[in-house]
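# Summary of structural features
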Amino acid sequence: MLGLCMNRFGVLSAVFVLLAPVLMLNPASANLSTLTDAGQTDELDAPLVLWKTLLDGRVLTVTDEGNVSVNSFSNGVLAVQWSLGLGVDANHARLDDANELVTVAHQNGVEVVQLSTQTVYRNISTPDPVNDAVYDQEGDLWLMYSAGKRRADQYDAIGFTGVSSSVIQAGISAFEILNDGRLAIASYDKKIYIHSSEGVLTNTLTEPTGIVSSLAKVGNDTLLAGTTGGVAYHYETNAWSVTSTSLGHTKQTTHLSSTSNMFIVGAKQGRVTFLDNNFTVLENFEASGDIVGVLPEFTGQFYAVGVTPDTTKIRYFDLDSDGDGVNDRNDAFPSDPTQSADADEDGYGDNPDGNDADAFPDDETQWSDLDGDGYGDNVAGNNPDLFPNNADQWSDRDGDGYGDNTNGEDGDVFPDEPSQWADADRDRYGDNPDGFMPDACPTVNAFSTVDRYGCPDSDLDGYSNPDEDWTVEDGADALPSNPTQWLDGDGDGFGDAADGQEPDACPWEFGTSRNAVSIDGNSSKGYVAVPSFGCEDLDGDGWVDRTESPLMDADPNEHFDGDGDGVGSNADYDDTRSFIQTEQDHCLNNKNDTSEACQGWNNPAYQAYLNSVAEGETVLGFYAWNASLQDSTEGDSPLNVDDEVLNQVIVVGLGAFIALTVVILAVAFLINKRKTATTTKEYGGINPALSSNASREALEGRGGLSAAGGVISDASWDDDVEQLNFDENEDDGFADMDMKAEGEAADAGSMTYEEESIETIAGMPAPTTAAPEATSAPSTPEMPSQTPPLPESGLPDGWTMDQWRWYGHEWLAKYGKN
């Protein structure tokens, strides 16, 4: 290996001699402005990291997968001569100046391939990815790390020498070694750091305004730099004088090279720029992919090599001898500036404005068209013109003598129907009454298709609208606004088609119904509405008469009577109970309903107010009316009490008072009766309060002389007094009261005094005290013949109709006016 390095100097000398012809390639010998894109000549199935023309004219390529190949290159096509697969993820590849060693920098180090032996010459492994590897003039290999170490390390034949560049903190964007061994390291901080061959930083170039993405040495004293923003820099490496130029685009530079009198800059998106020795832009071209190589030819043409993520494309830029903008490679008429293409190769140019223009550039059987209708005049060619003197017509498929171009002169509206050719109203029905599908309304653009053709059909159901010449009886549409109906046998406006809109449920009779009543116990209304159109509906309410409830078929406002009370469900407040027809019925029979409406119906004063409202006067609701009463009495009454509550309190209190009074009187009567019996036992029937004489006589031994006292009857000893019962019966005690009255009357009548009084026995006149009035036996009460009228508020709370029949007149006398 050391011997190989020492021989490199001799090899380099020979290289410069061999390179002379290559360096003398001069695309400027041809006018760059005459070069045009001749198209893609070849495509590789992998992106390249290196394209390099060898001294013998062959091309060296290295792919991103580390495949090193040497290829022949002819007419823009590569042909592999030999290939060596390294199996690495290549980041960059270089060919040394001697055209002998190829360095492939990859993720795990560097592979060096020797072209002459087609083998791997050296393998260096590193823990960090290597982004570039370049041999210097001394034969030492420099490894560049863009990230990680962010420096360049020197390796000799043995290994790492310990010599490194300074660490570039911002990271390294490009790397190059000058002919004198100095290192040029571009950074992401837009600077270029120049180091000595020993790795010592000697100079910093700050001119670039963008990140330098490519560096390339040219000759012995020139360094080219290209940025990511489309600017190129030319440095003279002795004094570091600089010239810069804008490339006319903003694409990142990916390739830098030169010829004897030109500089070439390649960039992303296929941009190729040629500059003269003064670093002035001569011409810009656009190829494909990111440019990695440019190969000029002696005659001025060049190849541009661009890579995409998956492929490599080679495009050729060629001369244009006749100056028609089409390079000679692609010009079918290279000496005729008016023609360049002949697609059908019939010898006539495709440019219609050029010499010998082909009217049919894609048809080799036709080239002339004198009437300019697009059909060739060559009767033996394809699609010959059957109307050569009529520019509007060329064919007649149905052979009726009218051209198939409907809109042209003598055009056939029906080119495939020989019996029709004219259609004045353009509705696609022919005007020939004897032809196929003749138009019954030839002056009206219309589209009926069933009963007649080409007449108005408003609902587009195929049946024409009736008119004075074509009626429903002739087959016209009986329902011209309904696309699903057309027949109406009974003339009631509902169609006979059962599957159409609003089908007639009674097609045999005229009717206007729209719904029928169907009893349904699961429905909250007791029925459901079933669509039923066109049946008899004499009351005009929209419901089929025969399905309405009894008597409802004559009422246009009703159709159902669920409780059979003769009042329809629309007007009936509660159609499930026959005795409730109005809101008043509901409120008077439901005392638990405290809604505003029911409070109003149960309040006589409010009802009186309603009856007193004059016509046109605003009627207050119950709450508003009650509030107005409270407002009017607010100054006099410290407490506002609802009338309904007050009435209930009065009725309950009065009832309690009457019941308590009856109980007290009954108890007093029984106590008095018991006391009388006891007195009778003690004093022989004499009232102690009225017979003090009898008592005194008894004490003096003269009993009976005063005629007061004595035992009248054994009946006075009867102690059988019924036990008091305070439990109320179901009839609120009125029946018991009647029974007791009857019993007491019977007991009073049965009481007799058979023994003579003491005065009679003593022969003394009877006392002059007034005899008590005779009490006549009570008669059995009779039920009144007429029931008193009920108050507007209904039966009082706790009353039954029997009680009201007996005592209602008394309640009315006391409370009826309140």
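In this text the structure is predicted, and so the values were computed from the model without any measurement. (Residues numbered from 1 in each chain as written. Predicted model: local features only at pLDDT ≥ 70, side-chain atom pairs only at ≥ 80, totals over all residues. Heavy atoms only, no water.)

Moving on to the overall build of the protein chain. Secondary structure assignment for the protein chain yields 11 helices and 30 strands. Expressed as a percentage of its 818 residues, the buried residues of the protein chain come to 39%. Pairs at least 24 residues apart make up 31% of the contacts formed inside the protein chain by residues separated by at least 6 positions. For the protein chain, the accessible area works out to roughly 44600 Å², and carbon and sulfur atoms hold 53% of it. (Helix = DSSP H or I, 4+ residues; strand = E, 2+ residues; numbered from the N terminus. Buried < 20%, exposed > 50% of the residue type's maximum accessible area, 1.4 Å probe, protein only. Contact = heavy atoms within 4.5 Å. Areas by Shrake-Rupley, 256 points an atom, 1.4 Å probe, with all protein chains shown as cover.)

With that settled, the discussion passes to the sheet that holds strand E6 (residues 90-95). Two orientations exist for strands paired in a sheet by backbone hydrogen bonds: parallel and antiparallel. In space, the 4 strands of this open sheet follow the order E6-E7-E8-E9, with antiparallel pairing throughout. Each of the sheet's edge strands pairs with one partner strand only, and the pair in question is E6 and strand E9 (119-125). Each neighbouring strand pair of the sheet contributes to a mean axis angle of 20°, computed without reference to strand direction. Alignment of strand E7 (residues 101-106) against strand E8 (residues 109-114), held across 6 bridges, turns out to be antiparallel. (Pairing = 2+ DSSP bridges. Axes fitted to C-alpha atoms, helices over the stretch in contact; angles between N-to-C directions.)

A few words on the sheet that holds strand E15 (residues 183-187). The sheet built from 4 strands is open, its strands ordered E14-E15-E16-E17 with antiparallel pairing. Sheet topology places strand E14 (172-177) and strand E17 (201-205) at the edges, where each strand pairs with a single neighbour. Direction aside, neighbouring strands of the sheet carry axes that sit 20° apart on average. Of the strand pairs in this sheet, strand E16 (residues 192-195) and E17 are connected by 4 bridges, and their pairing is antiparallel. From the neighbouring strand, His 195 faces E17, where its bridge partner is Leu 201.

A few words on the confidence of the model for the protein chain. Chain-level pLDDT for the protein chain is 84 on average; 81% of the residues reach the 70-or-more range. Across residues 1-25, confidence stays below pLDDT 50; counting only partners more than four residues off in sequence or on other chains, it has 32 contacts. Considering only residues more than four positions removed or in separate chains, one finds that residues 688-692, a stretch of pLDDT under 50, has 4 contacts. (pLDDT = per-residue confidence, 0-100.)

With that out of the way, let us pick up the environment of Phe 317. Position of Phe 317 relative to the elements: it lies in strand E28 (residues 312-318). Judged by relative accessible area, Phe 317 falls into the buried class, the value being 2%. As for Phe 317 and Thr 36, which are separated by 281 residues in sequence, their C-alpha atoms are 5.2 Å apart. The contact partners of Phe 317, leaving out residues within four places of it in the chain, are Leu 35, Thr 36, Asp 37, Ala 38, Phe 285, Glu 286, Ala 287, Gln 301, Phe 302 and Ala 304.

To continue, consider the side chain of Asp 363. Tracing the chain through its elements places Asp 363 in the loop between E28 and strand E29 (515-519). Buried and without a salt bridge, Asp 363 has Arg 397 as its closest oppositely charged side chain, separated by 17 Å. Ignoring any residue separated from it by four or fewer positions in sequence, one finds Asp 363 in contact with Asp 344, Asp 346 and Asn 382. (Lys, Arg positive; Asp, Glu negative; His and termini not counted. Salt bridge = Lys/Arg side-chain N within 4 Å of Asp/Glu carboxyl O.)

This part takes up the pairing of strand E25 (residues 281-286). Bridge count for strand E24 (residues 271-276) against E25 is 5 bridges, and the pairing is antiparallel. From the neighbouring strand, Phe 274 faces E25, where its bridge partner is Glu 283.

A word on unusual backbone geometry. Within the chain, Gln 118 stands out as a residue other than glycine whose phi angle is a positive 55°. Summarising the element assignment, Gln 118 is placed in the loop between E8 and E9. Phi is positive for Glu 502, close to 45°, though the residue is something other than glycine. Structurally, Glu 502 is set in the loop between E28 and E29. For Glu 502, a relative accessible area of 33% translates into the label partly exposed.

With that settled, the discussion passes to the pattern of salt bridges. For the structure shown, the criterion picks out 16 salt bridges. Each member of the salt-bridge network shares a partner with another, and the members are Arg 94, Asp 132 and Glu 176.

Taken together, Phe 657, Ile 658 and Val 662 make up a surface patch of nonpolar side chains, about 280 Å² in accessible area. Structurally, the position occupied by Phe 657 is in helix H7 (residues 643-683). Taking relative accessible area as the criterion, Phe 657 reaches 56% and is therefore assigned exposed. (Patch = residues over 30% accessible without salt bridge, like charges linked within 9 Å, V, L, I, M, F, W, Y side chains within 5 Å.)

Nonpolar side chains in soluble globular proteins generally cluster together in the buried interior. Counting residues in hydrophobic clusters, the biggest one holds 17 residues, and the most contacted among them are Leu 60, Val 62, Val 68, Val 102, Val 104 and Leu 115. Broken down by secondary-structure element, the contributors of at least two residues to this core are strand E2 (48-53), strand E3 (59-63), strand E4 (67-74), E6 and E7. Top element by residues in this core is E6. It accounts for 3 residues. Leave out the neighbours within four places in its chain, and Val 68 touches Leu 60, Thr 61, Val 62, Trp 82, Ser 83, Leu 84, Leu 86, Val 104 and Val 113. Counting residues in hydrophobic clusters, the runner-up holds 15 residues, among them Ala 184, Leu 223, Tyr 233 and Trp 240. (Core = buried A, V, L, I, M, F, W, Y, C linked by side-chain atoms within 4.5 Å.)

Right, let's talk about helix H5 (residues 604-612) for a bit. Within an α-helix, residues lying three or four positions from one another point in the same direction, as the helix has 3.6 residues per turn. Taken together, the buried positions of H5 are Tyr 606, Gln 607 and Tyr 609. Down the axis of H5, the smallest arc covering the buried residues is 155°, so these residues share one side. More than 90 degrees from the buried face of H5, the exposed residues found are Asn 611 and Ser 612. With a side-chain oxygen positioned 3.0 Å from the backbone nitrogen of Ala 605, the residue opening H5 is Asn 603. (Arc of directions from axis to C-beta. Polar contact = N/O pair within 3.5 Å; in protein donor to acceptor, adjacent residues only side chain to side chain.)

Judged by side-chain charge, Glu 43, Asp 45, Glu 65 and Asp 89 come together as a negatively charged surface patch. Along the chain, Glu 43 turns up in strand E1 (residues 36-44). For Glu 43, a relative accessible area of 40% translates into the label partly exposed. (Charge placed at Lys NZ, Arg CZ, Asp CG, Glu CD.)

A few words on the state of the cysteines. All told, the structure shown has 3 disulfides when counted by the stated rule. One disulfide bridge connects Cys 441 with Cys 455, the sulfur atoms lying 2.0 Å from each other. Across the S-S bond linking Cys 441 and Cys 455, the dihedral sits near 95°, which makes this disulfide right-handed. Within this pair, whereas Cys 441 is found in the loop between E28 and E29, its partner Cys 455 is found in the loop between E28 and E29, the two being separated by 14 residues in sequence. Neither residue differs from the other here; Cys 441 and Cys 455 are each classed as buried. Residue Cys 506 pairs covalently with Cys 535 via a disulfide, S to S 1.8 Å. Of note, the bridge from Cys 506 to Cys 535 carries an S-S torsion of about 80° and is right-handed in sense. Of the two residues, Cys 506 sits in the loop between E28 and E29 while Cys 535 sits in the loop between strand E30 (527-531) and helix H3 (583-588), which places them 29 residues apart along the sequence. With a relative accessible area of 4%, Cys 506 lands in the buried category. Look at Cys 535 and you get buried, because its relative accessible area is 2%. (Disulfide = S-S within 2.5 Å.)

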